[in-house]
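What follows is the residue order along each chain.
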Amino acid sequence: MFYCSTDIHVACLEGISKGLNLDKLNNDWEYWLTVGMWKLKSELKLAQVNKSAQCLENLMKFAPNLKIPERDLECAKICNEKIRSLINDDHQFDILNFFSDEFAKTKIVTPKDYMIRNYYADRVLNKMDGYKSPPMDGILYPSVPSGYNYNNLVLEPDIVENKLEFIGATKVRVLFPMGKEIIFEVKHRSLGVKADEKGVLQWNPTIQMKI
């Protein structure tokens, strides 16, 4: 599967750790990452999970350094009530919430922590015999490290081949100064560094990068 984010800063945070490592918020850290950039060639049809209000409330409590505003929690609750109204079935809404909570986990310890969300993906993307869902290109779900403010996508490889186009990549330096705002230094602006005809990125050799 192909995983990506709707924001470069979120892509960096997702690349640094699985879920959210709360220990990183209590220490100084520095990372260098290579972030690829893609554009859509055609529209995507995506399944979407809720922003879990309960998980967001817990994240606000246990990760105060993320500085998640109270307004985010209120917006999540309002949005979920609208989705409840659209589904018009409390039982089905509770099932969706169950899977939404799984996608919103803040800590991943073993691969088993992915089992329930993988089950959801298999059902939605028609990978299980005996079940049939409307055809989907992938799944849209809130990013944990962003405080659920931005989204991640998981797509089938053939969807990436047919509906996305690689346009470049950039190096990003990410700094976690303890108790302060996270700093992102994007080294290649615009569409980033292009690839040659063989798909090899042409980095500027004069720029010294710490990996």
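Refer to the preceding data block for the structure.
Conventions we followed
- Residues numbered from 1 in each chain as written.
- Predicted model: local features only at pLDDT ≥ 70, side-chain atom pairs only at ≥ 80, totals over all residues.
- Heavy atoms only, no water.
- Pairing = 2+ DSSP bridges.
- Helix = DSSP H or I, 4+ residues; strand = E, 2+ residues; numbered from the N terminus.
- Axes fitted to C-alpha atoms, helices over the stretch in contact; angles between N-to-C directions.
- Salt bridge = Lys/Arg side-chain N within 4 Å of Asp/Glu carboxyl O.
- Buried < 20%, exposed > 50% of the residue type's maximum accessible area, 1.4 Å probe, protein only.
- Lys, Arg positive; Asp, Glu negative; His and termini not counted.
- Core = buried A, V, L, I, M, F, W, Y, C linked by side-chain atoms within 4.5 Å.
- Contact = heavy atoms within 4.5 Å.

**Student:** Give me the sheet that holds strand β3 (residues 46–48): which residues, what numbers.
**Tutor:** What the 4 strands build is an open sheet, ordered β1-β5-β4-β3; its pairing is mixed. The outermost strands of the open sheet, each flanked by one partner alone, are β1 (2–5) and β3. For this sheet, the mean inter-axis angle between neighbouring strands, taken without regard to orientation, is 25 degrees. When strand β4 (residues 138–142) meets strand β5 (residues 151–155), the two strands line up antiparallel, connected through 5 bridges. Bridged to Ile139 within β5 is Val154.

**Student:** I'd like to hear about the pattern of salt bridges, residue by residue, with values.
**Tutor:** Per the stated rule, a full pass over the model turns up 10 salt bridges. A salt bridge links Arg84 to Asp90, with the shortest nitrogen-to-oxygen separation between them at 3.2 Å. Exposure remark for Asp90: the relative accessible area of 48% places this residue in the partly exposed category. Across the pair Lys105 and Asp113 runs a salt bridge, and its minimum N-O distance is 3.9 Å. Overlapping salt bridges, with partners in common, bring together Glu30, Arg173, Glu185 and Lys187 in one network.

**Student:** Just give me the short version of the side chain of Arg117, but keep the residues and values in it.
**Tutor:** One can find Arg117 in helix α5 (residues 115–124). Here Arg117 is buried and forms no salt bridge, its nearest opposite-charge partner Glu102 lying at an N-O distance of 5.5 Å.

**Student:** Describe in detail the sheet that holds strand β2 (residues 29–40), supporting the description with residues and values.
**Tutor:** On the basis of which strands lie adjacent, the open sheet formed by 3 strands has the order β2-β6-β7 and antiparallel pairing. Because the sheet does not close on itself, it has two edges, and the strands there are β2 and β7 (183–186). The sheet shows a mean angle of 30 degrees between the axes of neighbouring strands, taken without regard to direction.

**Student:** Any details on the nonpolar core? Residues and values, ideally.
**Tutor:** Ala53, Cys55, Leu56, Leu59, Met60, Ala63, Ile68, Leu73, Ala76, Ala104, Val144 and Tyr148 form the largest nonpolar core, which has 12 residues in total. When contributions to this core are tallied by element, the ones reaching two or more residues are α2 (53–62) and α3 (70–87). The greatest single-element share of this core, amounting to 5 residues, is contributed by α2. Contact partners of Met60, with chain neighbours within four places excluded, come to Ile68, Pro69, Glu70 and Leu73. Judged by nonpolar contacts, the second largest core, of 11 residues, contains Val49, Leu125, Tyr141 and Val154.

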